[in-house]
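Okay, here's what each chain looks like letter by letter:
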Amino acid sequence: MASVVIGMARQALKIFSLAAATSGVYLYGNKYVDPNDFGIIRVGRAIATRELVPYGGVFQTAVITYDYLTSLRGVPHGSEEYDYVKSQVHLRSAERLRDLCCANRGTFIKVGQHLGALDYLLPEEYTYTLKVLHSQAPQSSMQEIKQVIQEDLGKEIKELFVSFEDTPLGAASLAQVHKAVLQDGRTVAVKVQHPKVQAQSSKDILLMEVLLLIVKQIFPDFEFMWLVEEAKKNLPLELDFLNEGRNAEQVAHMLKHFDFLKVPRIFWELSTRRVLFMEFMEGGQVNDRAYMERNGIDVNELSRNLGKLYSEMIFVNGFVHCDPHPGNVLVKKCPVTGKAHIILLDHGLYQVLTEKFRLDYCRLWQSLIKADMKQVQKYSQRLGAGDLYPLFACMLTARSWASVSRGIDRSPVTANEDVEIRTNAAAYLPQITQLLNNVPRQMLLLLKTNDLLRGIESALHTRASASSFLNMSRCCIRAISRYQRSRTDSLYRKAQISFTEALSLWQINLYELYLRLKGSQLGNWVVPSFPVTASASLQQEGKSWRKELSSLCNAPSAGSVAALHKSDAERLYTQDLTPVYRDYFYSWKQTSS
C-alpha cells in the first residue's frame, strides 16, 4: 500500500512540474495580484486535493486514495460495517472534491456540476454533495462585478441603474445574476461573468487534461477524457453571452405554441459577451415540492409540461437545452389563468442534434417504450453502444434490465431498483466508461439532460409516469413522420404518411383517455368494457393484425381468454400490437380471466 501511495506522490510531483511549466503566471488588469491568478497556485490546489475516485470513477486526490485504502482495510467486505465505512469515505471524498471545485472556481465548478448529474454512475454521496455546485457556487465581489460592467459598457453602475442589488439572485460556475432597475424603469436580471474565468478556463482545461492522463496510467479502467473534450468544445460557447441570447430567442420561437413556457426577453442594446440584460422573472425552483403545495400547483401537470418541452426539443427540433438543473427551471402560477408557467433560464449550453442521430434516438425510445428488444439492440448499436446495448438501455432509462425488458411504462421505479442500479454502476464501471467513450459526443449531453430531468421528477414524485412516455411517443411519431414526408415527392405517399401519423396519435389519445378513466370512479364500470369497444373500433380500421384480433375475439366462447390460442395471443400481444393496444389488450386478458 505504501508503495502505491509513494508512486502516486511521484506522479503528482511530475504533473505539478509539467502543469506549472505550461500554466505560467498572468496578471489581471486591475493593478493587483490575486494568488488565484498564478497558474502554479491553481495547480498546487489540484495536487493538494488531486482528483480521482477509484470506486466511483470521479477525480480524486492522493488524500482520497489513501482514505479509501486505509479506511476499508481489514473491514469484512459485504458486511454492514463495510457499507457504513464505505459510505463515510464516499462522503468525505465528495466533500474534498467539492471544496477543490469551489477553490478553483470557473471550469472546475462546471465539471463538478456535470459529475453531480451522473446519478447512473456515481455513488449517492457524490451526486448529492456535488449538486450544491448548481446553486451555491462561489460569488464574485461587487468590486469585480462593477469592474466587468465598466469595462464592457463603459459606464458606472449608478449611470445605468436606478437600483442594483448587491446580493446576487444566484451564482453559478461562470457568472452570477443580479436584480436591477434601469433608468427607464424596467426591472431586469443582469448576468455578469466572473472576471477571470475567460483567462483561467484554458489553463484549467489543460490542467485537467494532464491530470486525467496521469490518472489513467494509475487506474487503467478510468476513461473520462470525454469530460475534458466536452469542456473544450462547450466552454467557449458558454462564455459568449451573446450566443446565449441568440439561443434564448431561438428556443422561445421554436416552442411558442406552448403557452405555459416563458423565456426572458433579451435587451440587446445593453448586452455584451460578458454582460447579459434580460427581462426579470421570478418563481420557485422546479424541484421545490413544498413551494408547489403552498401555491396550489399541480405537480403532475407540471411534470407533464416539462416532459412536453424536452420531448419537443429532443425528438422534433434537435435543439436541446442541456442544463435543466433546478436553478435554471423556475415555476410560477399565473394569477389570471391559475395555470403554472415554466420559466426556462440559462441558455448558454445547447446541443444541436444531427438528423441521423435524432431519428435513431427517436426510434430507440420508441423501441424502449414498446419493449421491442430487437429494435432496442439495433438502434443502440447504431448509436455506438455495440454489444453493451443492454447497459446503454439501462443508462438511458435509469431502469434495471428486467424493467426495460418488461416495458419501462409498466411498473413504477422502486427504491430497491434505484439501489440495484447504483450497485451495478459500481460493478460495471469499466464497461460504462468504455460506453461513454464510444457513443457520439451528442449523446453525452443528452445523458446529462436525462439525469437532471429524472432528478426533478424524483423530487416531485412523478418519476416514470405514463404521461411522460405518451408525450415522448407523440413527439417520436411526429418527428419520424415529418422526416418521411420530406423524403418523398408523391402526394399519395405524403397523404398515406399523414394518415398513419394521425391514426397513431389518435391511438395514443385513446389510451390516455383510457388511463384517465381507469383512475376515475367512472372508470370502475366503464373500463372493463373498454377493450371490447376498442376491438370494434379496430375492426373498422382495416389493418391485418386488427382484423385478426377481431376474428379471434368473435370466435366461439369469445368472451373468454381461453378462446384465444396461446401462440396467437402471445404473438399478438408481443409483436403485432402497438403499445397503446398491447396495454388495453393486457387489461382485457386480466379482466376476462
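Attention here is on the structure that accompanies the text. If you're wondering where the values come from, they're calculated on a predicted model, not measured in any experiment.

### Describing the overall build of the protein chain
- Each helix and strand in the protein chain was counted, giving 27 helices and 11 strands.
- In the protein chain, buried positions account for 53% of the 593 residues.
- Partitioning the contacts of the protein chain with sequence separation of at least 6, the portion at a separation of at least 24 is 67%.
- Here the protein chain displays about 26,400 Å² of accessible surface, and carbon together with sulfur accounts for 54% of that area.

### Some words on the pairing of strand β4 (residues 187–193)
- Within β4, 6 of the 7 residues are buried, leaving the element largely enclosed by the surrounding structure.
- Where strand β3 (residues 175–182) lies against β4, 7 bridges are found, and the strand directions are antiparallel. Within β4, the position partnered with Lys179 by the bridge is Ala189.
- What sits between β3 and β4 in their antiparallel hairpin is a turn of 4 residues, with Gly185 showing a positive phi close to 95°.
- Taken together, the 5 bridges between β4 and strand β6 (residues 275–279) define a ladder with antiparallel strand orientation. Counterpart to Lys191 in the pairing with β6 is Leu276.

### Quick notes on the sheet that holds strand β5 (residues 261–262)
- An order of β5-β10-β9-β7 is seen for the 4 strands of this open sheet, with the pairing classed as mixed. Strand pairing shows two members of the sheet lacking a second neighbour, β5 and β7 (284–285), which therefore form its edges.
- Along the sheet face, helix α13 (residues 299–317) touches β5, β9 (329–333) and β10 (340–344) and points at about 40° away from the line of β10.

### Observations concerning the side chain of Thr397
- As for its position among the elements, Thr397 is in helix α16 (residues 389–397).
- Looking at Thr397, the relative accessible area reads 7%, which means it is buried.
- A polar contact of 2.8 Å, which involves the side chain of Thr397, links it to the backbone oxygen of Ala393.
- Polar side-chain contacts of Thr397 include one of 3.3 Å to the backbone nitrogen of Arg399.

### Quick notes on the packing of aromatic side chains
- Counted under the stated rule, the structure contains 7 aromatic pairs.
- Seen in terms of ring centroids, Phe315 and Tyr361 are 5.7 Å apart; in terms of plane orientation they differ by 20°. Their pairing is stacked. Of the two residues, Phe315 sits in helix α13 while Tyr361 sits in helix α14 (residues 355–370), which places them 46 residues apart along the sequence. Assigned by exposure class, Phe315 and Tyr361 land together as buried.
- Pairwise contacts between aromatic rings join Phe161, Phe164 and Phe277 into one cluster.
- A cation over an aromatic ring shows up here: Arg186 above the ring of Phe267, its NZ or CZ 4.6 Å from the ring centre.
- Just above the ring of Phe241 sits the side chain of Lys191; from NZ or CZ to the centre is 5.0 Å.

### What to know about the pattern of salt bridges
- Scanning the model with the defined rule gives 16 salt bridges in all.
- Between Lys191 and Asp346 there is a salt bridge, with its nearest N and O atoms 3.3 Å apart. Highlighted residues: Lys191 in strand β4 and Asp346 in the loop between β10 and β11 (350–352), separated in sequence by 155 residues.
- Residue Lys191 is classed as buried on the basis of its relative accessible area, which comes to 10%.
- In this structure, Lys339 engages Glu301 in a salt bridge whose closest nitrogen and oxygen atoms are separated by 3.7 Å. In this pair, Lys339 is assigned in the loop between β9 and β10 and Glu301 in helix α13, connecting sequence segments 38 residues apart.
- Overlapping salt bridges bring together Glu151, Asp152 and Arg274 as one network.

Procedures and definitions
Residues numbered from 1 in each chain as written. Predicted model: local features only at pLDDT ≥ 70, side-chain atom pairs only at ≥ 80, totals over all residues. Heavy atoms only, no water. Helix = DSSP H or I, 4+ residues; strand = E, 2+ residues; numbered from the N terminus. Buried < 20%, exposed > 50% of the residue type's maximum accessible area, 1.4 Å probe, protein only. Contact = heavy atoms within 4.5 Å. Areas by Shrake-Rupley, 256 points an atom, 1.4 Å probe, with all protein chains shown as cover. Pairing = 2+ DSSP bridges. Axes fitted to C-alpha atoms, helices over the stretch in contact; angles between N-to-C directions. Polar contact = N/O pair within 3.5 Å; in protein donor to acceptor, adjacent residues only side chain to side chain. Phe/Tyr/Trp six-rings, centres within 6.5 Å; stacked < 30°, edge-to-face > 60°. Lys NZ or Arg CZ within 6 Å of the ring centre and 35° of its normal. Salt bridge = Lys/Arg side-chain N within 4 Å of Asp/Glu carboxyl O.

None of the figures reported here should be taken as evidence of function without further support.
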